[in-house]
Amino acid sequence: MLTAADDDSRLAEKLVEALYRPDGSRALRPVHALGIGATGTFVASQIASDFCVAEHFSGEPIATTVRFSNGSGCATAHDGWSDVRGMATRFHLADAAATDLVAMTLPEFFTATPEAFLDFAVAARPAPYKGESVWGKLRALLRLELPLRNPYPGETISPDSGAIAFADDHPNARLAVFGAAAIGAPLSYVRASYHAVHTFVVTGKDGTRRHVRFSWQPIAGVANTNKSETPVDSYLSAELRTRLEKGSDRFSLVMTIGETGDAFDDPTRPWPPHRVRIAMGTMTIEAVADDQAEASERLSFNPWLLVHGIEASDDPVLRVRKEAYKISSARRGGAPCPFAGV
Amino acid sequence: MSLESRFGRYVDALPEKAWFKFLATHVVVPYWNWGDPKPKLPGGPRPSTQPSENVQRMMNLVMPLADTSSLGRAKAVMAIAQNAEEIFAGLDNVGTVHTARFVILEDNLCMISVYDGDFSNYIRDFIETIGSVFDDVMSLVKGGEVLIPTAQNVDAFIDWVHEHDLFQAPDFPTELFALQDERAGRKRGTPHELRSLPRELILQLQANRNLSLGGGYRAYPGVSAAQVRSRFGMGW
């Protein structure tokens, strides 16, 4: 008899397969293929434990491993292309325990269910891309529409057209597709905001359970490259190395508390920006990890690696991520996923 | 560089060319506005039952002055300045206002405020406490004389304020489709081409010439003026 976990596993297999790009590599992740690992320390704020009793919010310094990445599954670096970026953080706790927080620069997800995400992944599979013809651009301008962007130098395939067509038919996907199209390229991995997107349930000191979403806000401020200039293919890793050789950089962790009526189980719907926000702590990024294979490429994060005080919500996309990350890790021969064999 | 690629670069730069801007402003936009005019979207915050949507709500009331000369604008300044004490006392009495200020912006007298609770009751409380000030103000505002005395035309005054409160653009850009659908009586989730969003915005700005961009930033979201005063022991 098939269980829900079996269903998730099958769906996750299909998802992982659908996400590989023709210009990607099976030795890398299907998305967020290229990145750089760094080490840091997280210190919770004085009020964090009032809202969440998880160990990393106790106020003691917690060692962290962070992987910054480009969202694309392309195996060649195109840092300067407009793309979602990732920031996966592992908090190293006592007794070799750990918890992960997986975040990206897009504040919302493309679909509300994993089944729809599979449809999206298929629809947005990179296809030959030439941008728009001159006549197409003229037509768009006369229709008061934005013409499709010109291909970047060397760009031959793109998910853009498929993603836009999907969003035309799926209102839930509009915001994320629109956001992804306009997201640009950060000046530095530490000059972008990152959002965990999914809802989690945290338990406070007094036992109160709250639906929350987490975001990392860069102390250095958000800044993008000038999109009218020719994009540089590879600069983000070198920039981070240079930056951290001179000193450290910080992110503050902000926890937004949802209210009844907010979308707790739907990652396509961001919460209004005037929900109560709690300053949960600060992470200092201190150094680029010496062993990039271990601290970045082989490392297997999983948003379900949680500890007492934090639970996953009923978000079905979050649910299937547990299996998808496990499968992706096994396929590329990563360090065993925390849920390998489970 | 080939002729085609030179033409392509020229087309890419078209939105910044003076002649194309002129064509777009005087021909293309009016053409689309003729074929697909947008109804004006209502001003002020949208109704919600959620707690943090009902505190620290923004009002951007734009009142066109009847006399836009410097003499007329000076009269508006005097109407506020001479009633400052009454206004401040009234705001204290209303008790749900975080901040409020008057601004003269070109030919308009604007009241910018942040308040808690229901819009109609906010205005009702205001008229109850400083109706005479609003009578002075309305005597200087285009079409305002019919609402004087405001204390005896409360509902009409509320409608007028609502009409002159700026439309608050959604915090998430694609929500514009839903607001337009709702206004036009179309069901939520009606399909729209994503690429048409710039056109929808341009046409909406024909109907709502001025607007507030998003719901604004709040340093202490979800908290009422009464809670802040209570927490700091300032009472009312």
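Definitions and cut-offs
- Residues numbered from 1 in each chain as written.
- Chains lettered and ligands numbered in written order.
- Predicted model: local features only at pLDDT ≥ 70, side-chain atom pairs only at ≥ 80, totals over all residues.
- Helix = DSSP H or I, 4+ residues; strand = E, 2+ residues; numbered from the N terminus.
- Rg over C-alpha atoms; globule rule 2.2 N^0.38 Å.
- Buried ≥ 20, exposed ≤ 12 C-beta atoms within 10 Å, placed from the backbone.
- Contact = placed C-beta atoms within 7 Å.
- Nonpolar A, V, L, I, M, F, W, Y, C, P; charged D, E, K, R; others polar.
- pLDDT = per-residue confidence, 0-100.
- Pairing = 2+ DSSP bridges.
- Axes fitted to C-alpha atoms, helices over the stretch in contact; angles between N-to-C directions.
- Arc of directions from axis to C-beta.
- Core = buried A, V, L, I, M, F, W, Y, C linked by C-beta atoms within 7 Å.
- Expected span 1.5 Å × (residues − 1).
- Bend = angle between axes of the 7 residues up to and from the residue.
- Parallel < 35°, antiparallel > 145°, perpendicular 65-115°, else oblique.
- Left-handed = near helix turned anticlockwise from the far one by under 90°.

### Describing the overall build of chain A
Each helix and strand in chain A was counted, giving nine helices and twelve strands. For chain A, the C-alpha radius of gyration of 20 Å lies close to 20 Å, the compact-globule estimate for 342 residues. Taking the principal axes of its C-alpha atoms as reference, chain A extends roughly 65 × 55 × 45 Å. When the 342 residues of chain A are sorted by exposure, 48% land in the buried category. Contacts in chain A between residues far apart in sequence, at least 24 positions, make up 75% of those at least 6 positions apart.

### Some thoughts on the overall build of chain B
Each helix and strand counted, chain B has nine helices and five strands in total. Secondary structure of chain B in N-to-C order comes out as α-α-β-α-α-β-β-α-α-β-α-α-β-α. In terms of its C-alpha atoms, chain B occupies a principal-axis envelope of roughly 75 × 45 × 35 Å. Here chain B, with 236 residues, has 25% of them falling under the buried criterion.

### Description of the interface of chain B and chain A
Taken together, the contact between chain B and chain A spans 31 residues of the former and 27 residues of the latter. Elements supplying a minimum of two residues to the side of chain B that touches chain A: α1 (3-12), α2 (18-35) and α8 (197-207) of chain B. With four residues, the single largest contributor to the side of chain B that touches chain A is α8 of chain B. Split by residue class, the side of chain B that touches chain A holds 15 nonpolar, ten polar and six charged.

### Section: the confidence of the model for chain B
Looking at chain B, the pLDDT average stands at 92 and 99% of residues meet or exceed 70. Confidence metrics for the complex model read pTM 0.93 and ipTM 0.90.

### Things to note about the environment of K40 of chain B
Relative to the elements of secondary structure, K40 of chain B occurs in the loop between α2 and β1 (57-64). Apart from the residues lying within four places of it in its own chain, the contact partners of K40 of chain B are A207 and N208 of chain B.

### What to know about the sheet that holds strand β2 (residues 97-105) of chain B
All names here are of chain B. Strand order across the open sheet formed by three strands is β1-β3-β2, with antiparallel pairing between neighbours. The open sheet has two edge strands, β1 and β2, and neither has a second partner. Neighbour-to-neighbour, the strand axes of the sheet open up by a mean angle of 15 degrees, direction not taken into account. As paired elements, β1 and strand β3 (residues 108-115) share eight bridges and run antiparallel to each other. Paired with V62 across the bridge in β3 is C110.

### Side note on helix α3 (residues 114-123) of chain A
Among all positions in α3 of chain A, only P114, F117, F120, A121 and A123 of chain A are buried. Around the axis of α3 of chain A, the buried residues are gathered within 165 degrees of arc, so they sit on the same side.

### Overview of the nonpolar core
Ranked by size, the top nonpolar core spans 80 residues in total, and within it L15, A103, F120, A176, V177 and L240 of chain A carry the most contacts. Beyond its immediate sequence surroundings of up to four residues, A176 of chain A is in contact with L106, E108, F109, F110 and T268 of chain A. Counting 31 residues, the second largest nonpolar core, distinct from the first, contains M63, A79, Y115 and I130 of chain B.

### With respect to unusual backbone geometry
I148 of chain B connects to P149 of chain B through a cis peptide bond whose omega is 0 degrees. The residue P149 of chain B is located in the loop between α5 (119-138) and α6 (154-164) in this model. With phi around 60 degrees, A96 of chain A is a residue other than glycine that occupies positive phi space. Examined against the element boundaries, A96 of chain A turns out to sit in the loop between β3 (85-92) and β4 (98-104). Positive phi, close to 65 degrees, is recorded for V197 of chain A, a residue that is not glycine. Exposure remark for V197 of chain A: the 23 C-beta atoms within 10 Å place this residue in the buried category.

### A few points about α2 of chain B
In this model α2 of chain B runs 25 Å from its N-terminal to its C-terminal C-alpha over 18 residues, within 8% of the 26 Å that 1.5 Å per residue would give. At A24 of chain B, α2 of chain B shows its largest bend, some 40 degrees.

### Side note on the packing of α5 of chain B against α6 of chain B
Residues and elements named next belong to chain B. Closest axis-to-axis distance for the α5/α6 pair is 10 Å, and the angle between their directions is 125 degrees. By the angle class used here, α5 and α6 are oblique. In this structure, α5 crosses over α6, and the sense of that crossing is right-handed. Note on element contacts: α6 touches α5 through V154, F157, I158 and V161, opposite S120, I123, R124 and I127.

### A closer look at the pairing of β3 of chain B
The two faces of the sheet receive side chains in turn, since in a regular strand these alternate between them. Residues and elements named next belong to chain B. Where β2 meets β3, eight bridges bridge the pair, whose relative direction is antiparallel. Opposite A100, over in β3, you have S113 as the bridge partner. Counting the residues in the hairpin turn of β2 and β3 gives two residues, including E106, whose phi is positive at 50 degrees.

### Brief notes about the packing of helix α7 (residues 175-184) of chain B against α8 of chain B
Residues and elements named next belong to chain B. At a closest axis distance of 10 Å, the pairing of α7 and α8 adopts a crossing angle of 55 degrees. Compared by their axis directions, α7 and α8 come out oblique. Helix-helix and strand crossings are classified by hand; for α7 and α8 the assignment is left-handed. Only L197, E200, L201 and Q204 of α8 make contact with α7, whose side of the interface consists of L176, F177 and Q180.

### A word on the environment of S25 of chain A
All names here are of chain A. Looking at the element boundaries, S25 is found in the loop between α1 (4-19) and β1 (35-44). Taking C-alpha positions, S25 is 7.5 Å from C74, a pair spaced 49 residues apart along the chain. Every residue in contact with S25, bar those within four places of it in the chain, is listed here: A33 and A75.

### Here we look at the pairing of strand β11 (residues 277-288) of chain A
All names here are of chain A. Pairing between β1 and β11: seven bridges, direction antiparallel. In the strand pairing of β11, A38 is matched with V288. Bridge count for strand β10 (residues 249-257) against β11 is eight bridges, and the pairing is antiparallel. Opposite D249, over in β11, you have I285 as the bridge partner.

### Considering the environment of Q292 of chain A
All names here are of chain A. Along the chain, the position of Q292 falls in helix α8 (residues 292-297). Each C-alpha atom, one on Q292 and one on I36, is 6.9 Å from the other, the two residues being 256 residues apart in sequence. Those residues in contact with Q292 that lie beyond four places of it in its chain are I36, G37 and E297.

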